[in-house]
Amino acid sequence: MNQSLPYHSKISNSTINDLNSINSKVRPSLLKIVNSDFFKFFKLNLFSECPFWDDNNGFCTNRACAVDVIEDDYENLPEYWKPEMLGKINDLNDLDNQPIDAQDELLNQLCNKKFITGNHYSPLNCRDIDYCDVDYITNHPDAVLVDLTNNPERFTGYGGEQSGLIWKSIYSENCFQLEDNDKASLAKEVFFKLISGMHASIAIHLSNDFLDTKTGKWGPNLDLFMFRVGNWTERIENIYFNYAIVGKAIQKILPFLQELEFCSQYDHETLNLLSNVSSDIDSSIFNEHLIFDDELSSEVKDQFRIKFKNVTKIMDCVHCDRCRLWGKVQSTGYATSLKILLEMDNDPMFVVNSLTKYELIALLNTFDRISKSVQLINDFEIMFNEKYNSE
Ligand code: FAD
């Protein structure tokens, strides 16, 4: 893994080795952050309906179709190994019986975000700058707080025709109608890399935390990793591409997080951890100005924004709760990165103040997911060499 990232030398100067080395520095602080009281919660509506197609038509919804790897043995599986159970969200915080305001209050106690009030003029005022559907997080009466640390991203058995069609719909958002073909193909390429990197990262997590239904043991599955990701250089590169994008967004927003007022000593520690992460990331990790920096930029950006927003909405079509949870967290995290990278230069404080706490939580958790994937790529490489290359 010693090559430089071939995708776009003009977008990033970093090599895979550079990103591996940044990752080993930020990983310990990042891990503490996503386990902290503020960053471990995410709000989710498990009952929102798929807005794009009739959920009960066009998709296979019978039990066997929901099973991929273990479908042959489905009927003989113990109840607790069945995909519906594996994909369930555990321990919905007992806050879920309380009114939504009370749930939010828990996080507000940890983070009193100060909003700029009054007539703050911004050139961004009249434009939508959201790359994700923020309404579902902030306003939905059925949304509940979920403790992410109780619901690790892992193998769930979700698969078959349904998940394949969801991925197909997500990739098909990758179609840009632009007069300038060069701009359309750059936007298309960046969009594809983001989705493919997210898809590959999910595949790494399910390969690492895999249930062997014969032994009943959870653990890494090297062959599955190789089949889904390891044998595909482009997928590995896309993971590093996403690492550079989310890392740069975090590096760019963190100086402004002093705007967050954390009340207890504990949360001052969280702020320190955040600045540790930021200081280990070099700003040259990614050059966002080279993505959409020309006179067509606002048209490209708008199309990009609307399409990415659709990706966050397609997550409501995912039938496995645990997969939907992490799909929402990560698509929201990438959407937040795009908002920071592509909108902040016009008016930093406007963008900072437009961020909801759930976008911030998604951003850090998405960085953690992709950072863990980078670590696991290296772990699986060692495993591979031990198994196949040792004499
Ligand atoms: P899929 O992963 O479904 O892929 C479909 C097709 O896409 C492949 O045949 C290939 O042509 C192409 N493809 C695959 N990977 C890439 C890539 N990186 N880049 C470009 N093209 C690619 N399962 C779990 O066990 N745990 C989870 O947490 C989980 N979360 C999910 C979240 C979402 C949003 C979705 C849609 C699915 C999730 N799944 C999860 C299911 C998982 O992603 C797979 O769909 C499932 O394991 C079946 O895999 P598959 O081999 O059939 O191919």
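Notes on the structure in this doc start here.

Cut-off values and rules
Residues numbered from 1 in each chain as written. Predicted model: local features only at pLDDT ≥ 70, side-chain atom pairs only at ≥ 80, totals over all residues. Heavy atoms only, no water. Helix = DSSP H or I, 4+ residues; strand = E, 2+ residues; numbered from the N terminus. Buried < 20%, exposed > 50% of the residue type's maximum accessible area, 1.4 Å probe, protein only. Contact = heavy atoms within 4.5 Å. Areas by Shrake-Rupley, 256 points an atom, 1.4 Å probe, with all protein chains shown as cover. Pairing = 2+ DSSP bridges. Axes fitted to C-alpha atoms, helices over the stretch in contact; angles between N-to-C directions. Parallel < 35°, antiparallel > 145°, perpendicular 65-115°, else oblique. Left-handed = near helix turned anticlockwise from the far one by under 90°. Phe/Tyr/Trp six-rings, centres within 6.5 Å; stacked < 30°, edge-to-face > 60°. Core = buried A, V, L, I, M, F, W, Y, C linked by side-chain atoms within 4.5 Å.

Quick notes on the overall build of the protein chain
Along the backbone of the protein chain there are 13 helices and 6 strands. When the 391 residues of the protein chain are sorted by exposure, 54% land in the buried category. Summarising the internal contacts of the protein chain: among those between residues at least 6 apart in sequence, 83% fall at separations of at least 24. In the structure as shown, the protein chain presents an accessible area of about 17200 Å², 48% of it carried by carbon and sulfur atoms.

Observations regarding the pairing of strand E3 (residues 144-147)
The two faces of a sheet get side chains in turn, since along a regular strand they alternate between them. Side-chain alternation along E3 places Val144 and Val146 on one buried face and Leu145 and Asp147 on a second face that is also buried. Two strands pair when backbone bridges link them, and strand E1 (residues 41-44) and E3 are joined in this way by 4 bridges, in the antiparallel orientation. Bridge pairing in E3 links phenylalanine 41 to aspartate 147.

Concerning the packing of helix H8 (residues 233-253) against helix H11 (residues 321-343)
One way to put it is that H8 packs onto H11 with a least axis distance of 9 Å and a crossing angle of 55 degrees. With respect to H11, the element H8 is oriented oblique. Here the hand of the crossing between H8 and H11 comes out left-handed. Of the residues in H11, those in contact with Asn242, Ile245, Val246, Lys248, Ala249, Lys252 and Ile253 of H8 are Tyr334, Ser337, Ile340 and Leu341.

Structural notes on the packing of aromatic side chains
This model, assessed by the stated rule, comprises 11 aromatic pairs. Plain terms: the ring middles of phenylalanine 191 and phenylalanine 308 are 5.9 Å apart, the flat faces sit at 70 degrees to each other, and that makes the pair edge-to-face. Linking phenylalanine 191 in helix H6 (residues 181-208) with phenylalanine 308 in helix H10 (residues 297-314), this pair joins segments that are 117 residues apart in sequence. Residue class for phenylalanine 191 comes out buried when judged on its relative accessible area of 0%.

What to know about the nonpolar core
Among the nonpolar cores identified, the biggest contains 106 residues, and Tyr243, Ile253, Phe304, Leu325 and Phe367 are the most heavily contacted of them. It is H6 that contributes the most residues to this core, 13 residues altogether.

Thoughts on the environment of phenylalanine 225
With respect to the secondary-structure elements, phenylalanine 225 resides in helix H7 (residues 222-230). Along the sequence, phenylalanine 225 and asparagine 45 sit 180 residues apart, while their C-alpha atoms lie 31 Å from each other. Once you skip the residues sitting within four places of it in the chain, phenylalanine 225 turns out to touch Ile204, Ser207, Gly230, Ile236, Ile377 and Phe380.

A short note on the environment of aspartate 347
With respect to the secondary-structure elements, aspartate 347 resides in the loop between H11 and helix H12 (348-354). With a relative accessible area of 9%, aspartate 347 lands in the buried category. Counting along the chain gives 48 residues from aspartate 347 to glutamate 299, while the straight-line C-alpha distance between them is 19 Å.

What to know about the side chain of lysine 307
The residue lysine 307 is located in helix H10 in this model. On the basis of relative accessible area, lysine 307 is assigned to the buried category, the value being 14%. Other than its neighbours up to four places away in sequence, lysine 307 contacts Glu173, Cys175, Phe176 and Phe191.

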